[in-house]
Each structure stands twice: as structure tokens, then as C-alpha cells.
Amino acid sequence: MKKTLITLGLCTLCTTVFSAPINNKSSQQDQLGYSYGYVMGRSNAETLKQINLNAFIQGIKEGSTGQKAALTDEEMARVLTQYKKQAEAKDLLEHQQQADINAKAGADFLNKNAHQAGVVTTASGLQYQVLKAGQGKSPNKTSTVEINYEGRLIDGTVFDSSIAREQSVDFRVSEVVSGLSEGLLTMKEGGKTRFFIPAKLGYGEIGAGDAIGPNSTLIFDVELIKVK
């Protein structure tokens, strides 16, 4: 529930309530009003489930035509602020619940993975498995490296892949999450390694965008092409 009524209030809807169905032969004004309404409804579906749609439409109609509001500005500000606080509290609770679920799943995965053949666990908790030994030089913390990589969650969901884009990337070792930074120091040019990164060495309790949830354990397959 990331959309709020404050966001909804910034949008503009057509002021007519239609009794006849809208189609591609309807007037441009009707199609435009329907399109605004549909896009708003789809984008704010979770929020709209919790409000009186008739009251919402009444507010849109009266506000867009300059009629006197049924509530004062102070009353509207108060109810919108209360709703925003409730929505944020709900989001925070859901975030914490998901963080707990991910933390347990990650711990179980890493405990089991530690016993797999060829997996090395470092003092920090990072795990790695050499897929192909490299023969060139190793980077240090200040090195810039060229790599190919694929990052995924423990359920197999790929969240980023230079391999899929068919384009290697350059970056400084110190600029990535600490687990990957540590892992790169174990590699040599030409090598390929799979890294299993605990959340504390990845994106932690915050996560990263919609793709990486809070307390997510990450898996990176990395090919070190060159140390620059």
C-alpha cells in the first residue's frame, strides 16, 4: 500500500459518471475520462479497496468544479494525515514480517549450503564456490575490475545480469556490497566463482527496490575478466 489519498488527490478525473459502457467509438472526452479513471484505479487498487468510491467521486466532482467542500481544509488535512500514518505503519509491519521470513529462509539455506562440496565459508559468513580457477592477477580493494555476473535470490529469481545483457561491466571493488567486495579479492583473472552472500553483507534489512526484499540472501555468479 504505497499509494496514498494525498497522491490520489493530485490527479484529475473526468467529472461525468457514465451509465453507458465506454468503447473505442465513444467521444474523445469520454474515452479520456475513462482512461484517467482506469489508470488511477489500477495504480491505486489496494488503497481504493478501503474507501467509499461514491464519496471519492463526489470529492473529485466538487473539487474540480470549484464547489464548496463538505469538509474544511483542516478536516481534510487531518484525515489524510491520519490515513498516511496508518498506511506507513502497515507498510512497516509488513516490511518487518517479510524481513523475518527472509532472514530465516536465508539462514536455513546457508546452513545447508555450507556442507555442499567445494563451498568455503569465510569468517564474515560469506560463502563461495570456485567454478573455474583463474590464472591471472587478483584485485585489491582499490582496483577497478571488469566482470560478467548474474545476481539472483535463493528461490532462483534473477534480479540483475550482465550476462543476459551480453555486456560486461567495470567498477571499483570497494563500490559494491561488502560480500561481493570480499569475494572479488579471492578471485584471479579468468576465474569464475559463485558467491552466497548473507543479508548482512548484502543489502541488509532495507533491501534494494522491489527486486531484493529485506534480509535477502543473494547469490552471485561472477567471471573476473580483467583487473584494470
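Residues numbered from 1 in each chain as written. Predicted model: local features only at pLDDT ≥ 70, side-chain atom pairs only at ≥ 80, totals over all residues. Heavy atoms only, no water.

**Q** Would you explain the overall build of the protein in this entry?
**A** Helices and strands together make up the secondary structure of the protein, namely seven helices and seven strands. Counted from the first residue to the last, the protein has its helices and strands arranged as α-α-α-α-α-β-β-β-β-α-β-α-β-β. Relative to the globule expectation of 17 Å for 228 residues, the C-alpha radius of gyration of the protein, 26 Å, shows a markedly less compact shape. Expressed as lengths along the three principal axes of its C-alpha atoms, the size of the protein is roughly 75 × 40 × 30 Å. By element, 52% of the accessible surface of the protein is carried by carbon and sulfur atoms, the whole surface being about 14,300 Å². Across the protein, the centroid of the 25 positively charged side chains sits 3 Å from that of the 24 negatively charged ones. (Helix = DSSP H or I, 4+ residues; strand = E, 2+ residues; numbered from the N terminus. Rg over C-alpha atoms; globule rule 2.2 N^0.38 Å. Areas by Shrake-Rupley, 256 points an atom, 1.4 Å probe, with all protein chains shown as cover. Lys, Arg positive; Asp, Glu negative; His and termini not counted. Charge placed at Lys NZ, Arg CZ, Asp CG, Glu CD.)

**Q** I would appreciate a short explanation of the environment of Lys226 in the present structure.
**A** Along the chain, the position of Lys226 falls in strand S7 (residues 218-227). By relative accessible area, which is 42% here, Lys226 ends up partly exposed. For the pair formed by Lys226 and Ile22, sequence separation is 204 residues and the distance between their alpha carbons is 59 Å. Setting aside its immediate chain neighbours within four residues, Lys226 contacts Thr144, Val145, Glu146 and Glu189. (Buried < 20%, exposed > 50% of the residue type's maximum accessible area, 1.4 Å probe, protein only. Contact = heavy atoms within 4.5 Å.)

**Q** Mind showing me how you'd approach the pattern of salt bridges here?
**A** Side chains that differ in charge, positive against negative, can pair when their charged atoms come close. Under the definition given, this model contains nine salt bridges. Across the pair Glu94 and Lys90 runs a salt bridge, and its minimum N-O distance is 2.4 Å. Of this pair, Glu94 and Lys90 both sit in helix H5 (residues 73-113), four residues apart, which is roughly one turn of that helix. Residue Glu94 is classed as partly exposed on the basis of its relative accessible area of 34%. Its relative accessible area of 36% is what places Lys90 among the partly exposed residues. Of the charged contacts in the structure, one is a salt bridge between Arg152 and Glu150, with a shortest N-O distance of 3.5 Å. For Glu150, a relative accessible area of 22% translates into the label partly exposed. Overlapping salt bridges bring together Glu150, Arg152, Arg194 and Asp221 as one network. (Salt bridge = Lys/Arg side-chain N within 4 Å of Asp/Glu carboxyl O.)

**Q** How should I be thinking about H5 in this particular structure?
**A** Since there are 3.6 residues in each turn of an α-helix, residues three or four apart along the chain are aligned in direction. Between its first and last C-alpha atoms H5 spans 58 Å; for 41 residues at 1.5 Å apiece the expected length is 60 Å, and the two agree. Regarding H5, the residues found buried are Tyr83, Ala87, Ala99, Asn102, Gly106, Leu110 and Asn113. (Expected span 1.5 Å × (residues − 1).)

**Q** Explain unusual backbone geometry to me, please; I cannot follow it from the model alone.
**A** The phi angle of most residues is negative, glycine excepted, and most peptide bonds adopt the trans form. With phi around 55°, Glu166 is a residue other than glycine that occupies positive phi space. By the element assignment, Glu166 lies in the loop between helix H6 (162-165) and strand S5 (169-172). Judged by its relative accessible area of 74%, Glu166 is exposed.

**Q** I'm lost on the pairing of strand S6 (residues 192-197) in this one. Help?
**A** Taken residue by residue, a regular strand's side chains alternate between the two faces of the sheet. Two strands pair when backbone bridges link them, and strand S2 (residues 127-132) and S6 are joined in this way by five bridges, in the antiparallel orientation. Across the sheet, the residue bridging to Lys132 is Lys192, located in S6. (Pairing = 2+ DSSP bridges.)

**Q** I would appreciate a short explanation of the nonpolar core in the present structure.
**A** A general tendency of soluble globular proteins is for nonpolar side chains to be buried together. One finds Leu184, Phe195 and Val222 to be the most contacted residues of the largest nonpolar core, which totals 21 residues. For this core, the secondary-structure elements that each account for two or more residues are strand S3 (144-153), helix H7 (178-184), S6 and S7. Tallying contributions element by element places S7 first for this core, with five residues. Sequence-distant contacts of Val222, that is, excluding residues within four places in its chain, are made with Ile147, Asn148, Tyr149, Leu180, Leu184, Met187, Gly191, Lys192, Thr193 and Phe195. (Core = buried A, V, L, I, M, F, W, Y, C linked by side-chain atoms within 4.5 Å.)

**Q** Is there a simple way to think about the side chain of Asn215 in this case?
**A** Tracing the backbone through its elements, the reader meets Asn215 in the loop between S6 and S7. Polar side-chain contacts of Asn215 include one of 3.2 Å to the backbone oxygen of Ala99. Apart from the residues within four sequence positions on either side, Asn215 is in contact with Ala99, Asn102, Ala103, Ala199, Gly204 and Glu205. (Polar contact = N/O pair within 3.5 Å; in protein donor to acceptor, adjacent residues only side chain to side chain.)

**Q** How should the packing of aromatic side chains be read in this particular structure?
**A** Given two aromatic rings, one states the distance between the centres and the angle between the planes to describe the pair. By the definition in use, this model includes five aromatic pairs. Where Tyr128 meets Phe195, the ring centres are 6.3 Å apart and the plane angle is 50°; that geometry is what we call tilted. One end of the pair, Tyr128, is in strand S2; the other, Phe195, is in strand S6, and 67 residues separate them in sequence. For the pair Tyr128 and Phe195, a shared accessibility class is recorded, and that class is buried. Aromatic rings pair up to connect Tyr149, Phe159 and Phe220 into one cluster. (Phe/Tyr/Trp six-rings, centres within 6.5 Å; stacked < 30°, edge-to-face > 60°.)

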